[in-house]
Amino acid sequence: MIHPKQLVLASANPGKIKELQELLADQGISILPQGDLNIPDIEETGLTFVENAILKARNAAALSGLPAIADDSGLEVDYLLGAPGIYSARYAGIGATDSTNREKLLAALAEVPTESRNARYQTVIVYLRHAEDPTPIICQGTWEGRIALEPKGSEGFGYDPIFYVPETDCHAAELDKATKHSLSHRGKAIAQFLQHMKL
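No experiment lies behind these values; they were computed from the predicted model shown.

Definitions and cut-offs
- Residues numbered from 1 in each chain as written.
- Predicted model: local features only at pLDDT ≥ 70, side-chain atom pairs only at ≥ 80, totals over all residues.
- Heavy atoms only, no water.
- Salt bridge = Lys/Arg side-chain N within 4 Å of Asp/Glu carboxyl O.
- Helix = DSSP H or I, 4+ residues; strand = E, 2+ residues; numbered from the N terminus.
- Buried < 20%, exposed > 50% of the residue type's maximum accessible area, 1.4 Å probe, protein only.
- Contact = heavy atoms within 4.5 Å.

**Concerning the pattern of salt bridges**
Then, number 1: Per the counting criterion, the structure on display carries 14 salt bridges.
Then, number 2: Note that Lys16 and Asp71 form a salt bridge whose closest N and O atoms lie 3.4 Å from each other. Here Lys16 is found in helix H1 (residues 14–24), whereas its partner Asp71 is found in strand E3 (residues 68–77), with 55 residues between them in sequence. Assigned by exposure class, Lys16 and Asp71 land together as buried.
Then, number 3: Of the charged contacts, one joins Glu76 and Arg120 as a salt bridge, the two residues approaching to 3.7 Å between their closest N and O atoms. A residue pair is termed long-range when its members are at least 10 positions apart, and Glu76 in strand E3 and Arg120 in strand E4 (residues 118–128) qualify at 44 residues.
Then, number 4: Here Arg120 falls in the buried class, since its relative accessible area comes to 13%.
Then, number 5: When salt bridges that share partners are traced, they join Lys16, Glu19, Asp71, Asp160, Lys180 and Arg186 into one network.

**Observations concerning the environment of Leu24**
Then, number 1: In this fold, Leu24 is placed in helix H1.
Then, number 2: C-alpha of Leu24 to C-alpha of Ile190: the two residues are 166 residues apart in sequence and 8.1 Å apart in space.
Then, number 3: Leave out the neighbours within four places in its chain, and Leu24 touches Ile29, Ile31, Ile190, Phe193 and Leu194.

These values are about where atoms sit, not about what they do.
Pasting the structure below:
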């Protein structure tokens, strides 16, 4: 497959934009955030990460005329039966901040012991060659961990300060970029994408 030199990224999330640009920086692909092209967010009406990623990528491809890539991701907490899941970015309500989302999650787990706080990050990356592409490339990555009792670290975004990573014995927000990219859900999904694209 001949890979495009330029992709529109269907996201307005600064953290996602930064990570995806870093992950694809060495591949000769220019990532254009949809906001740079005045493309508005589309309502995420899907019930799964896959559905929402396809909706976002199709909207960006249609309005830009460029191939599009979208990332839909979130945090699943076993004790909460998979919540916040697809609602991770708005767990504390519309317009929620990373901080208010984390605070709500910590409050929901306040009485839950460490051994019952298992969680994972999930991400689905969707790539569309054009808006009518009938066979999108869909890649998925998972990062296992658990919800810590308190936040630590200043790197990353979202739930990273309270996401404890057993294999490193620290929180995701304490990891350097290279280590995080090698372990994370997003890093794994992008690695699959690059395999599909033969990069």
